[in-house]
Amino acid sequence: MTTETIISIFLGIGLSASVGFRVFVPLFALSLAAYFNLWELNESWQWIGSLTAVVTLGVATLVEIFGYYIPYVDNMLDSIAIPLATIAGTAVMVSTVADLSPAITWALAIIAGGGTAAAVAGSSGVTRLASTATTGGLANPVVSTLETGSSIVMTIVSLFIPVLAFVFVLVILYIVFRMYKKFKRSKT
């Protein structure tokens, strides 16, 4: 495996984690990066770098970000976020991985990309649900701002320092795992 392949895997995993916080932020950033030739995508995913994709994903990003600030809409968005994040995480991973066979690329995309995105989206949904239950939704804008900020920071780090993004993902997944264990223990 070449260094370029490893870096592309780290990029895909980092962007997949970002997708877990906000589905369209990393897709829009990846579209911009491809449009300005900062990152080369797989041949079948070149369309992401088109002007049409940049505009469409930009609008979708703004709608998603502002939608999370509207009461009840934020919880509705969370209900569809996990399946969408899983699909988008898989797509991001497939589009960025370089020099691997299609079978390995898709397996890696489904497991690492989709799995990472689903884990992060699931923990974000639980956080918002807890915020709604404990504050009547008053703290949800704060949660939304933190999630959007996390997605933006993680996306930027993924695009410019993919190795560091991978380390961040490991930390995020460790925190998610610890929260899950704590939640599971408190239910019994």
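In the block above lies the structure referred to throughout.
Anyway, here's the lowdown on the structure attached to this text.

### Examining the side chain of threonine 148
For step 1, the next point in the chain: Checked against the element boundaries, threonine 148 lands in helix α6 (residues 140–160).
For step 2, the next point in the chain: Excluding residues that lie within four positions of it along the chain, threonine 148 makes contacts with Arg22 and Ile65.

### What to know about the side chain of threonine 61
For step 1, the next point in the chain: Along the chain, the position of threonine 61 falls in helix α3 (residues 51–67).
For step 2, the next point in the chain: Look at threonine 61 and you get buried, because its relative accessible area is 6%.
For step 3, the next point in the chain: Each residue touching threonine 61, except ones within four places of it in the same chain, is listed here: Phe24, Val25 and Phe28.

### Here's the deal with the pattern of salt bridges
For step 1, the next point in the chain: All chains considered together, the criterion is met by three salt bridges.
For step 2, the next point in the chain: Linking glutamate 147 and arginine 22 is a salt bridge whose minimum nitrogen-to-oxygen distance equals 3.0 Å. In this pair, glutamate 147 is assigned in helix α6 and arginine 22 in the loop between α1 (3–21) and α2 (24–35), connecting sequence segments 125 residues apart. For the pair shown, glutamate 147 and arginine 22 are each scored as buried.
For step 3, the next point in the chain: Arginine 128 is the salt-bridge partner of glutamate 147, the closest N and O atoms lying 2.3 Å from each other. Highlighted residues: glutamate 147 in helix α6 and arginine 128 in helix α5 (residues 102–135), separated in sequence by 19 residues.

### Structural notes on the layout of surface pockets
For step 1, the next point in the chain: Counted as a void, the largest pocket has a volume near 340 Å³.
For step 2, the next point in the chain: Lining the largest pocket are 15 residues, and of these Phe21, Ser124, Leu146, Ser150 and Ile172 sit closest to its centre.
For step 3, the next point in the chain: Elements represented by at least two residues in the lining of the largest pocket include exactly α5, α6 and α7 (162–187).
For step 4, the next point in the chain: Among the elements that make up the lining of the largest pocket, the one with the highest residue count is α6 (six residues).
For step 5, the next point in the chain: In terms of residue class, the lining of the largest pocket is built from 10 nonpolar, four polar and one charged.
For step 6, the next point in the chain: Quantified by volume, the second largest pocket comes out at close to 230 Å³.
For step 7, the next point in the chain: Forming the boundary of the second largest pocket are 15 residues, of which Ala29, Thr155, Ile156, Leu159 and Phe160 lie nearest the centre.

What counts and how
- Residues numbered from 1 in each chain as written.
- Predicted model: local features only at pLDDT ≥ 70, side-chain atom pairs only at ≥ 80, totals over all residues.
- Heavy atoms only, no water.
- Helix = DSSP H or I, 4+ residues; strand = E, 2+ residues; numbered from the N terminus.
- Contact = heavy atoms within 4.5 Å.
- Buried < 20%, exposed > 50% of the residue type's maximum accessible area, 1.4 Å probe, protein only.
- Salt bridge = Lys/Arg side-chain N within 4 Å of Asp/Glu carboxyl O.
- 1 Å grid on protein atoms, 1.4 Å probe; cavity = no way out; pocket = protein on both sides within 12 Å on 5 of 7 lines; lining within 4 Å.
- Points joined across faces, edges and corners; volume = space filled by probe spheres on them.
- Nonpolar A, V, L, I, M, F, W, Y, C, P; charged D, E, K, R; others polar.

Geometric values such as these leave the question of function open.
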